[in-house]
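Examination of the molecular architecture
Below are the chains, spelled out letter by letter.
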Amino acid sequence: MAVCCQKKDTVLLPDDPAVITVPGLPDLQAFHISITERGSTTAAFQWNEAGDYQSDSVIYTLELNGKTIVTGLQKTEYRFTDLEPATTYTLKVKALAGKAPGTVSTSFQFTTDDGYLKFAKSLFTNVSPYDLVATPDNGYVVCMFYGTRNALVVARLDSLGNEKWRKMYPYRAIGTRILATGDGYVIMGSSYLLKLDGEGNTMWYREFNYSEVAFQSFIRASNGDLLVTGFDQGLNNPKMYMIASVRRLNAQGELKWRKTYGTTLRNQGNDIIFGKTEDEIYVYGSKALPVAGWEDGNTQRWLFRIDGAGNFLWEADYGDSKYDFSTSLIRVGEHLILGGFRLGIGQISEKRIIRTDLSGNVINTIQVGLDEFYGTIVKLLPTPDNGYIACTWEGNYSRKAMLWKYDASDKVEWSGTYLGSNYEAMARSVIQTADGGYCMAVSMSAGYNINSVLWLLKLNPTGFYE
């Protein structure tokens, strides 16, 4: 039976049974209600029998939000269907004696589930996750660092976080990133690219000189080409320790071109994205600006744009007298969102987001959370409402994994802190799921340098997993 209830009229309160007995009518004993099922559109209840001192038969009337749903019920259980998700209801069960006029009633308030899959699951040991992607069947593939062997581990999980397969590869795994392709996955390591099929079997592997390059991020073009950014060692220039680089490879990992950018002592690319077209490419990194004759001066955030052939078009840098570091870049409509942090006096880490137009001109700057001794924005994620998610961690010896949801005006809509205090909970990556929620990978340990595990959190659209 359908029951209507306006969400705007509801107030979310904890389940709190209240027993009401009609004075002067001692024929029936008080009873209590318990909930046995709570779904998004269903709820089931049972209650102990309202015993009658005169051994009369007892029947029950059920009301939901003041509306009578059933009368003459002889059983002590009932299941409602066609309820509204994420809505608060008040159930009233009224017991009536068969012969005497005595009545007794009990009320129970409950809230239906929101209908989204949610969980928090601990998986594997001695691993540290770095990135994850969704699979066509709403599962996940996670790439991880295996601690004792400094090896790469890739795991395929189903939609509930259960392992389908897990494989280890003899490649360095710190800082790995993963992209889904139509026929499998591509994983970027610090100096290599690894192509896997859907079952984790190696299709090809491309290694670059580990002592000369350090990859940081990559994207995939519609034709299958891969564009990888990071930095190369300035081996032929003693005044250039690091130089930002972009490589374009075909779908088989074969190099098409390599170009370098930057003129100061230290330059690097940390993230790379497409603009409105694949001929508009933005590279987000950092560079050292000379200060008072010191060539290796303050580090500034650095944004530059190239075309599809790697030709340099323009650049902009952001920062002040402190050390500014870049982490993640996304495009939201006509704007770019630049994530990062800066270190000030006492190594206080200030997590900052900069909003610019597509030409790099600053529109807004906001602080994310509180300034902490340590902390950073790990990843930015655009959302369909022209807002975005900032995935962060903060804290020194007790680190907290956090998500911040911002609207199109850079206002916080909600935030969540995950996996509590007294632990090292470092958020690594977050993706949006097909149901509008999120999935976050967290590296969790009981303390610094203690074996970590993967925590996979499936969240609803407002960041809850319970």
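A brief structural summary. (Residues numbered from 1 in each chain as written. Predicted model: local features only at pLDDT ≥ 70, side-chain atom pairs only at ≥ 80, totals over all residues. Heavy atoms only, no water.)

Focus on the overall build of the chain
Secondary structure summary: the chain contains zero helices and 36 strands in total. Counting over 466 residues, the chain shows a buried share of 53%. When contacts within the chain are restricted to residue pairs at least 6 apart in sequence, long-range pairs at least 24 apart make up 48% of them. With the model as given, the accessible surface of the chain reaches about 20,800 Å², and the carbon-plus-sulfur share is 50%. (Helix = DSSP H or I, 4+ residues; strand = E, 2+ residues; numbered from the N terminus. Buried < 20%, exposed > 50% of the residue type's maximum accessible area, 1.4 Å probe, protein only. Contact = heavy atoms within 4.5 Å. Areas by Shrake-Rupley, 256 points an atom, 1.4 Å probe, with all protein chains shown as cover.)

Observations regarding the nonpolar core
Membership of the largest hydrophobic core comes to 24 residues, with the highest contact counts inside it found for Phe45, Trp47, Tyr60, Leu62, Leu91 and Phe110. Elements represented by at least two residues in this core include exactly β3 (43-47), β4 (58-64), β5 (67-73), β7 (88-97) and β8 (103-111). Sequence-distant contacts of Leu91, defined by excluding residues within four places in its chain, comprise Ile33, Phe45, Leu62, Glu63, Leu64, Phe80, Thr106, Ser107, Phe108 and Phe110. Counting residues in hydrophobic clusters, the runner-up holds 18 residues, among them Leu403, Tyr418, Leu457 and Leu459. (Core = buried A, V, L, I, M, F, W, Y, C linked by side-chain atoms within 4.5 Å.)

Concerning the sheet that holds strand β27 (residues 335-343)
If you trace the four strands from one edge of the open sheet to the other, you get β26-β27-β28-β29, paired in antiparallel fashion. Looking at strand neighbours, the two that pair on one side only are β26 (323-332) and β29 (362-367), the edges of this open sheet. For this sheet the average axis-to-axis angle between neighbouring strands, irrespective of direction, equals 20 degrees. Looking at chain direction, β27 and strand β28 (residues 349-357) are connected through nine bridges and run antiparallel. Note on β28: the bridge partner recorded for Leu343 is Ser349. (Pairing = 2+ DSSP bridges. Axes fitted to C-alpha atoms, helices over the stretch in contact; angles between N-to-C directions.)

Quick word on the pattern of salt bridges
Going through the model one piece at a time under the given rule, you end up with 24 salt bridges. Here Asp114 ties to Lys118 by a salt bridge, and the two come within 2.9 Å at their closest N and O atoms. With its nearest N and O atoms 3.7 Å apart, the salt bridge here joins Lys164 to Asp137. Taken together, the residues span a long stretch of sequence, with Lys164 in strand β13 (residues 163-169) and Asp137 in the loop between β10 (127-134) and β11 (140-146) at a distance of 27 residues. A residue is classified by how much of its surface remains accessible, and Lys164, at 48% relative accessible area, is partly exposed. Residue classification places Asp137 among the partly exposed residues on the basis of a relative accessible area of 41%. Each of the salt bridges in this network shares a partner with another, and the network as a whole consists of Asp113, Asp114 and Lys118. (Salt bridge = Lys/Arg side-chain N within 4 Å of Asp/Glu carboxyl O.)

Looking at the sheet that holds strand β6 (residues 77-80)
With antiparallel pairing, the three strands of this open sheet are ordered in space as β2-β3-β6. Because the sheet does not close on itself, it has two edges, and the strands there are β2 (33-38) and β6. Averaged over all pairs of adjacent strands, the angle between strand axes in this sheet comes to 20 degrees, irrespective of strand direction. In this sheet, β3 lies alongside β2 in antiparallel orientation, the contact comprising five bridges. Its bridge partner being in β3, Ser34 is matched across the sheet by Gln46.

Considering unusual backbone geometry
It is generally the case that most residues other than glycine have a negative phi and that most peptide bonds are trans. At Asn65, a position not held by glycine, the phi torsion is positive, near 50 degrees. Of note, Asn126 is a non-glycine position whose phi angle comes to about 60 degrees, a positive value. Among the structural elements, Asn126 can be located in the loop between β9 (119-123) and β10.

Description of the packing of aromatic side chains
Within this structure, the stated rule accounts for 20 aromatic pairs. Taking 5.3 Å as the distance between ring centres and 70 degrees as the angle between the ring planes, the aromatic pair formed by Phe208 and Phe215 counts as edge-to-face. Among the residues examined, Phe208 registers a relative accessible area of 17% and is labelled buried. One aromatic cluster is present, formed by Phe45, Tyr78, Phe80, Tyr89, Phe108 and Phe110 through successive ring pairs. Sitting over the ring of Phe119, Lys121 keeps its end group 5.6 Å from the ring centre. Positioned above the aromatic ring of Trp257 is the side chain of Lys259, whose terminal nitrogen or guanidinium carbon lies 5.8 Å from the ring centre. (Phe/Tyr/Trp six-rings, centres within 6.5 Å; stacked < 30°, edge-to-face > 60°. Lys NZ or Arg CZ within 6 Å of the ring centre and 35° of its normal.)

Observations regarding the side chain of Asn267
The residue Asn267 is located in strand β22 (residues 267-274) in this model. With residues near it in sequence (within four places) discarded, Asn267 still touches Phe231, Met242, Ile243, Ala244, Tyr261, Gly262, Ser286, Lys287 and Trp302.

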